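Listed below, chain by chain, are the residues.
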Amino acid sequence: LLLSNFDFSLNGHPRVLLYKALTAGEMDIRIYATNVLRKYSSRSRSKLSGAEGVSDSKWAIQLLVGQLYDPEVEVCATAIKILEEACNRKSYLEYIVECRPALDHLGEIGAPLMLRFLSTSIGYHYLDGVDYISNEMDDWFLGRNDSYVGTIEAVLARAFMESQDEPSERTSFDDDLFEPDRLENDARVPPHFYRELARTTEGCKLLREKGHFDDFATTIRDFGMQTEDPDIILKVKGCLWAVGNVGS
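Residues numbered from 1 in each chain as written. Predicted model: local features only at pLDDT ≥ 70, side-chain atom pairs only at ≥ 80, totals over all residues. Heavy atoms only, no water.

### Some thoughts on the overall build of the protein chain
In step 1: Regarding its fold elements, the protein chain presents 15 helices and 0 strands.
In step 2: The buried share of the protein chain, taken over its 248 residues, is 39%.
In step 3: The contacts in the protein chain between residues at least 6 apart in sequence include a share of 63% that link residues at least 24 apart.
In step 4: Counting every atom, the protein chain has about 14,400 Å² of accessible surface; 54% of that belongs to carbon and sulfur. (Helix = DSSP H or I, 4+ residues; strand = E, 2+ residues; numbered from the N terminus. Buried < 20%, exposed > 50% of the residue type's maximum accessible area, 1.4 Å probe, protein only. Contact = heavy atoms within 4.5 Å. Areas by Shrake-Rupley, 256 points an atom, 1.4 Å probe, with all protein chains shown as cover.)

As structure tokens, this is what we get:
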């Protein structure tokens, strides 16, 4: 009740209480306190603090990064989701990278956030320094591309089954509503490694050096009309999604 009624926008005693709640003994309280940080970790643009207003959110982002080391995976997963939302703005993403969060201990839970880091040069160099990029690139080339097909097709199936009567959240393209990053990062669409890699000059250079794109294109040309072998069809689909994500 206290956490839901305090205003944490100003530095003071309420933030001290929030910090205590983030490290409390009860996991439910830690999760609730972590969720409280959502609205403070990606504040709306402020005219006083510049176009992005990231300075208003630094304290919340720092606390969320601290939650990544919580002993309970549910708390870590909650913090990851909120940090992912904050990454929709480039300046916020770059600040999260500056906090140098360790994510390797989280396994698959931390993977989506690490993929988001790839979309900026500062994130690329950070991940390259911890040997993430080359290992992840090999994983996707050798199998994750194929498994992505199953994931994205399940997402598409759910999306098409949703009621057509539901009002759309995107009703206009006014300046205030049209944020390319937000539209690109629909929460239902799983991130693709090659899409994020191709966002930076360094990533494109690595992609050329590895020759993966040429392999994908060759597979599509050679087997694109295959209709019999399900394994080859899956491979072609994986290559199509990879090529499409790079091209986007």
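Picking up after the structure, the text goes on.
### Observations regarding the environment of G238
In step 1: Along the chain, G238 falls in helix 15 (residues 230–247).
In step 2: Since its relative accessible area comes to 0%, G238 is described here as buried.
In step 3: Placed 92 residues apart in sequence, G238 and D146 show a C-alpha to C-alpha distance of 4.9 Å.
In step 4: What G238 contacts, discounting residues up to four positions off in sequence, is N145 and V149.

### Overview of unusual backbone geometry
In step 1: The phi angle at R100 is positive, at roughly 50 degrees, despite the residue not being glycine.
In step 2: Inspection of the secondary structure puts R100 in the loop between helix 7 (90–98) and helix 8 (111–117).
In step 3: Residues other than glycine seldom take positive phi values, yet D131 does so here, at roughly 60 degrees.
In step 4: By the element assignment, D131 lies in the loop between helix 9 (121–129) and helix 10 (132–161).
In step 5: Given the relative accessible area of 52%, D131 is considered exposed.

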